[in-house]
Amino acid sequence: AECRRATSMAATGGQGAEKGTDGPYLFGHFTAADAMFAPVVLRFRTYRLSEAGECGLLGPEDVAYCRAILSLEGVQEWIAAAAQEAHRIAKYEV
């Protein structure tokens, strides 16, 4: 239920403020709202929900949004830094 609410917010979040803007992010261009959703997108990635067809939770717009966030240079650096983290707790590794 939480995933569905989060993806619904991600898919419709930008429709009220700047109707008609083009772009892959919530308000067309990257904003703080997208930065706030980056951890949510990373969680979707962890559980393989950010790709089309996985569990049927994400629609095409949601998948496109996840891809846009995951392709950001800052997010790529974040992922790379996390992969280099030496401290691991085995029971939490996926």
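Residues numbered from 1 in each chain as written. Predicted model: local features only at pLDDT ≥ 70, side-chain atom pairs only at ≥ 80, totals over all residues. Heavy atoms only, no water.

### Structural notes on the packing of helix H2 (residues 32-46) against helix H4 (residues 73-84)
One way to put it is that H2 packs onto H4 with a least axis distance of 12 Å and a crossing angle of 55°. As the angle between them shows, H2 and H4 are arranged oblique. In the packing of H2 onto H4, the handedness of the crossing is right-handed. The residues of H4 that touch H2, namely those facing Ala 38, Pro 39, Leu 42 and Arg 45, are Val 75, Trp 78 and Ile 79. When its residues are assigned to classes, the contact of H2 with H4 shows six nonpolar, no polar and one charged. (Axes fitted to C-alpha atoms, helices over the stretch in contact; angles between N-to-C directions. Helix = DSSP H or I, 4+ residues; strand = E, 2+ residues; numbered from the N terminus. Parallel < 35°, antiparallel > 145°, perpendicular 65-115°, else oblique. Left-handed = near helix turned anticlockwise from the far one by under 90°. Contact = heavy atoms within 4.5 Å. Nonpolar A, V, L, I, M, F, W, Y, C, P; charged D, E, K, R; others polar.)

### Description of the nonpolar core
One finds Val 41, Leu 58, Tyr 65, Ile 69 and Val 75 to be the most contacted residues of the largest nonpolar core, which totals 17 residues. At the level of elements, H2 and helix H3 (60-70) are the ones that each hand at least two residues to this core. Contacts of Val 41, omitting those with residues within four sequence positions, involve Tyr 65, Cys 66, Ile 69 and Leu 70. (Core = buried A, V, L, I, M, F, W, Y, C linked by side-chain atoms within 4.5 Å. Buried < 20%, exposed > 50% of the residue type's maximum accessible area, 1.4 Å probe, protein only.)

### Section: the packing of aromatic side chains
What the rule picks out here adds up to one aromatic pair. Consider the rings of Tyr 25 and Phe 30, whose centres lie 5.6 Å apart with planes at 90°: the pair is edge-to-face. Tyr 25 sits in the buried class, given a relative accessible area of 17%. (Phe/Tyr/Trp six-rings, centres within 6.5 Å; stacked < 30°, edge-to-face > 60°.)

### Some details on the packing of H2 against H3
The description of two packed helices rests on the angle between their axes and on the distance between the axes. Relative orientation of the contacting elements H2 and H3 amounts to 105°, with a least axis distance of 9 Å. The angle between H2 and H3 falls in the class roughly perpendicular. Note on element contacts: H3 touches H2 through Tyr 65, Cys 66, Ile 69 and Leu 70, opposite Asp 34, Phe 37, Ala 38, Val 41, Leu 42, Phe 44 and Arg 45. Of the residues assigned to the contact of H2 with H3, the class counts are nine nonpolar, no polar and two charged.

### A short note on the side chain of Asp 34
Mapping Asp 34 onto the fold places it in helix H2. Despite its burial, Asp 34 remains without a salt bridge, the nearest opposite charge being carried by Arg 67 at 15 Å. Within the structure, the side chain of Asp 34 is placed 2.9 Å from the side chain of Tyr 65, a separation counted as a polar contact. With residues up to four places along the chain from it excluded, the contact list for Asp 34 reads Tyr 25, Leu 26, His 29, Tyr 65 and Ile 69. (Lys, Arg positive; Asp, Glu negative; His and termini not counted. Salt bridge = Lys/Arg side-chain N within 4 Å of Asp/Glu carboxyl O. Polar contact = N/O pair within 3.5 Å; in protein donor to acceptor, adjacent residues only side chain to side chain.)

### Some remarks on H2
Compared with the 21 Å implied by 1.5 Å per residue over 15 residues, the 22 Å span of H2 between its first and last C-alpha is a close match. Maximal helix bending in H2 amounts to about 35°, located at Ala 38; proline Pro 39 follows within four positions. Following H2 by one or two positions, Arg 48 has its phi on the positive side, about 55°. (Expected span 1.5 Å × (residues − 1). Bend = angle between axes of the 7 residues up to and from the residue.)

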